[in-house]
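Chain by chain, the residues run as shown.
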Amino acid sequence: MSATNVIAQQLGNGDLLRDKCFIGGKWRPSRSGKMFRVDNPATGDQVGEVPDCGPEDVQEAIEVAGRAFREWRERPATDRAEVLRTWARLMHECQGDLARLMTLEQGKPLQEAMGEVSYAAQFIEWFAEEGKRAYGDVIPAPVRGQHIVVLRQPIGVTAAITPWNFPAAMITRKAGAAIACGCPMIVKPAEATPLTALALARLGELAGLPEGVLSVVTALKPEPIGRALTDSPVVRALSFTGSTEVGRKLMAQCATHLAKVSLELGGNAPFIVFEDADLDAAVTGAMASKFRNTGQTCVCVNRFLVQEKVHDAFVEQLREAMAVLTVGNGLDEGVQQAALIDRNALMKVQAHVSDALAGGATVELGGKVHELGGTYFQPTLLTGVKPSMQCVREETFGPVSAVMKFATEAEAIRIANDSEYGLAAYFYSRDLHRVWRVAEQLETGIVGVNEGIISTPVAPFGGVKASGIGREGSRYGLDEYLELKYLCMGGAQGG
Ligand code: ADP
């Protein structure tokens, strides 16, 4: 029996392990017939195999999506909501299997994968409802008898390019919004995690999404797929989550047809602990933010800034909390920190730690590859970190807590804002005036105040500066897929 068959059997619903892509409502191989392997980062074992699509496959997805748009946009939002709600319900029903599949291809602890499936379904539920509220406006006209009306209409065929760190939620956060307001979406998932994307498409199909409203095109080489999407005048919006470097390229490509772009890019989140903070709460928030997904989220803390007076106490409490983290295969009971996604990720973490040590930082905990080998890294706590170090300038994307000391509030804000990125920031303080002052001055799209977990479908997620453009989730998330149209009705004479 092949490895893939064994995995399919392990999933209660073997139907969710797909080896075809989903284009225009059909499950089919790539036109070239090529496939690529998907491996488990925890073990290196093969989890599955999926089609290696090229531009010709994308072209087909775009054509069917173009046709689907005409019908889907005409459906009442309540009908679209019904299909979306069914999709979300199926995701909840298959939560265990989806989570297992996600852990197998992505590595994250099973409990976190369970949480992500639920979180992903919540985006679909949220937008199913929010799609009904794509209200327009009536504006008092400056001319007697004239009427000015603003419509919010679906933008057209849309595309999403998504990362491996949240294989389900980064898709539903985009597809939920697009589909709810009448736009078909073509999804290109990350090459490391295409299986979760295909499983979601299968559930979408079962929920009744019409042909071409959702396509999932899997590919090993992303560049030609991105080109095919941005070269088409039919694709009117592209939503991307990934690195700033790729985001910049895609934005430039979108200039060809002036497609709308939404970009959720890298972060470099500061976590500031002021001397008036509740230290227990700060450590709890720090652990939740830093170690989620083994440090591989764009809103994970990247730099701890701790005020002198509480520095040693905070470091000690953080060290104690980190020392008892259970590291292991994400499928094993009780595991809190798993393998990193691949060798490159491990090498980056190692390089950041070496650079910090060479610059005079101190290792308070960990600092090395974990004894489990592979891509496991020890939970690592560094103090005496300086603003010039790699672990402060760049996103480490791993289980490393890098701590520096500051003296004054102004200094903390200056260091926090000294980054090209501006996605999330966190700070802990019990002084109401300070809370407002600091929150207003931080140059980020998201601020966690006495809170380490800020992701929720009901709030706008997104960054400023090199962290991106646009917002996802919340009522604002619909705007990425809607165009405004203003009707100017001439003043009626007489009557
Ligand atoms: P990460 O560093 O998280 O892997 P990337 O930006 O490289 O981030 O990848 C995020 C997503 O972008 C993935 O789906 C990947 O396949 C895709 N991608 C990477 N390079 C390109 C490109 N040149 N054009 C289009 N998509 C790309």
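Everything numeric in this text was worked out from a predicted model, so none of it was measured.

Asks: What exactly am I supposed to notice about the sheet that holds strand β14 (residues 362–365) here?
Replies: Strand pairing in a sheet takes place through backbone hydrogen bonds and is either antiparallel or parallel in direction. What the 7 strands build is an open sheet, ordered β14-β15-β16-β13-β12-β18-β19; its pairing is mixed. Of all strands in the sheet, those bounded by a partner on one side alone are β14 and β19 (446–449). Averaged over all neighbouring strand pairs, the angle between strand axes comes to 25 degrees, with direction disregarded. Looking at chain direction, strand β15 (residues 380–383) and strand β16 (residues 400–406) are connected through 3 bridges and run parallel. Pairing of leucine 381 across the sheet is with serine 401, part of β16. Along the sheet, helix α10 (residues 279–291) makes contact with β12 (269–273), β13 (301–307), β16 and β18 (424–428), crossing β13 at roughly 165 degrees. Relative to β13, helix α14 (residues 409–417) is tilted by about 165 degrees, and along the sheet it contacts β12, β13 and β16.

Asks: Even after reading the chapter, I still don't get the sheet that holds strand β5 (residues 137–139), so can you show me in this structure?
Replies: The 3 strands lie next to each other as β5-β6-β22, forming an open sheet whose pairing is antiparallel. The sheet is open, and its two edges are formed by β5 and β22 (482–489), each paired on a single side. Pairs of neighbouring strands in the sheet enclose a mean axial angle of 25 degrees, with direction left out of account. Sheet analysis places β5 next to strand β6 (residues 147–154), joined by 3 bridges and oriented antiparallel.

Asks: Is there a simple way to explain the domain arrangement of the protein chain in this structure?
Replies: Frequently, the measure chosen for interface size is the accessible area that the parts lose on association. Examined at the domain level, the protein chain breaks down into domain 1 (3–265 + 468–483) and domain 2 (269–456). Between the C-alpha centres of domain 1 and domain 2 there is a distance of 31 Å. Taken over both partners, the interface formed by domain 1 and domain 2 buries close to 1,800 Å², and the fraction arising from carbon and sulfur atoms is 58%. Seen at the junction of domain 1 and domain 2, the total is 1 salt bridge. For arginine 248, the salt bridge identified is with glutamate 420, shortest N-O distance 3.5 Å. Broken down by element, the residue count for the side of domain 1 that touches domain 2 peaks at 5 residues, all from helix α4 (residues 95–106). Across the side of domain 1 that touches domain 2, the residue classes tally to 10 nonpolar, 6 polar and 7 charged.

The rules behind these values
- Residues numbered from 1 in each chain as written.
- Predicted model: local features only at pLDDT ≥ 70, side-chain atom pairs only at ≥ 80, totals over all residues.
- Heavy atoms only, no water.
- Pairing = 2+ DSSP bridges.
- Helix = DSSP H or I, 4+ residues; strand = E, 2+ residues; numbered from the N terminus.
- Axes fitted to C-alpha atoms, helices over the stretch in contact; angles between N-to-C directions.
- Contact = heavy atoms within 4.5 Å.
- Domains from an automatic or database assignment.
- Buried area = accessible area lost by both parts, 1.4 Å probe.
- Salt bridge = Lys/Arg side-chain N within 4 Å of Asp/Glu carboxyl O.
- Nonpolar A, V, L, I, M, F, W, Y, C, P; charged D, E, K, R; others polar.

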